[in-house]
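Okay, here's what each chain looks like letter by letter:
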Amino acid sequence: MQDSEQLYRQYAKTVYKYLISLTGSEDLAEELTQETFYQAIKSINSYDGSCRITTWLCAIAKNQLCTYRRKHPDSVDWEDYQGTAPSAEAEAEAARSKLDLFTKLHSCPEPYREVLYMRLLGDLSFREIGQALGKTESWARVTYYRGKEKLRKELENHEK
């Protein structure tokens, strides 16, 4: 097994991007990335090599996020809108649309939801998504496309 510093240098960016895809927050992703590697180093002896190391690290990261959410149930941090100040009506409509999008996205079944989060919020490549989830790049592309189509149809049906 690699030493802890090398492990961090090699995989921190992947774990960080994965956590951004799940949280949408750079600060929280950074904090959870640090905690993920702390936990990984503590339990390095439990890694048996039966999966890719990125899969193992992302599983730890997801567990760290679940722990964080249990401890901080009220901490949902939505991005602020940037640019010129919109009218109150436009701002309310944008908030409704954003809420509708995230509500529908959250109700998507796995693995679509996770792949959509990773791609849209985490800005991960299909290769990185496949690596993080222990799948192929093609699987990530197909799953993203199917999830995006499912989400689009849900949003269209909601507007009717």
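Residues numbered from 1 in each chain as written. Predicted model: local features only at pLDDT ≥ 70, side-chain atom pairs only at ≥ 80, totals over all residues. Heavy atoms only, no water.

## Describing helix α1 (residues 4-23)
Now for step 1: At Tyr-11, α1 shows its maximal bend, which comes to roughly 50°.
Now for step 2: For α1, the complete set of buried residues consists of Leu-7, Tyr-11, Ala-12, Thr-14, Val-15, Lys-17, Tyr-18, Leu-19, Ile-20, Ser-21, Leu-22 and Thr-23.
Now for step 3: Where α1 is buried, its residues touch α2 (26-42), α3 (53-71), α5 (112-120) and α6 (126-133). (Bend = angle between axes of the 7 residues up to and from the residue. Helix = DSSP H or I, 4+ residues; strand = E, 2+ residues; numbered from the N terminus. Buried < 20%, exposed > 50% of the residue type's maximum accessible area, 1.4 Å probe, protein only. Contact = heavy atoms within 4.5 Å.)

## Focus: the packing of aromatic side chains
Now for step 1: Within this structure, the stated rule accounts for two aromatic pairs.
Now for step 2: Over the face of the ring belonging to Tyr-144 we find Arg-119, whose NZ or CZ atom lies 5.8 Å from the ring centre.
Now for step 3: The cationic tip of Lys-135 hangs over the ring face of Trp-139; the distance from NZ or CZ to the ring centre is 5.4 Å. (Phe/Tyr/Trp six-rings, centres within 6.5 Å; stacked < 30°, edge-to-face > 60°. Lys NZ or Arg CZ within 6 Å of the ring centre and 35° of its normal.)

## Quick word on the packing of α1 against α5
Now for step 1: Running from N to C, α1 and α5 cross one another at 110°; their axes reach a closest spacing of 7 Å. Comparing the axis directions of α1 and α5 gives the class roughly perpendicular. The chirality of how α1 crosses α5 is right-handed. Contacts from Tyr-18, Ser-21 and Leu-22 of α1 reach α5 at Glu-114, Tyr-117 and Met-118. (Axes fitted to C-alpha atoms, helices over the stretch in contact; angles between N-to-C directions. Parallel < 35°, antiparallel > 145°, perpendicular 65-115°, else oblique. Left-handed = near helix turned anticlockwise from the far one by under 90°.)

## Digging into the pattern of salt bridges
Opposite charge on two side chains permits them to pair, given that their charged atoms come into close proximity.
Now for step 1: Counting across every chain of the model gives five salt bridges.
Now for step 2: The partner of Glu-110 in a salt bridge is Arg-113, with the nearest N and O atoms 2.8 Å apart.
Now for step 3: We classify Glu-110 as partly exposed; its relative accessible area is 39%.
Now for step 4: Among the ionic pairs, Arg-141 bridges to Glu-137, the shortest N-O distance being 3.0 Å. Placement of both Arg-141 and Glu-137 in helix α7 (residues 137-159) is noted, with a separation of four residues, approximately one turn of the helix.
Now for step 5: Relative accessible area serves as the criterion here: at 42%, Arg-141 is assigned to the partly exposed category. (Salt bridge = Lys/Arg side-chain N within 4 Å of Asp/Glu carboxyl O.)

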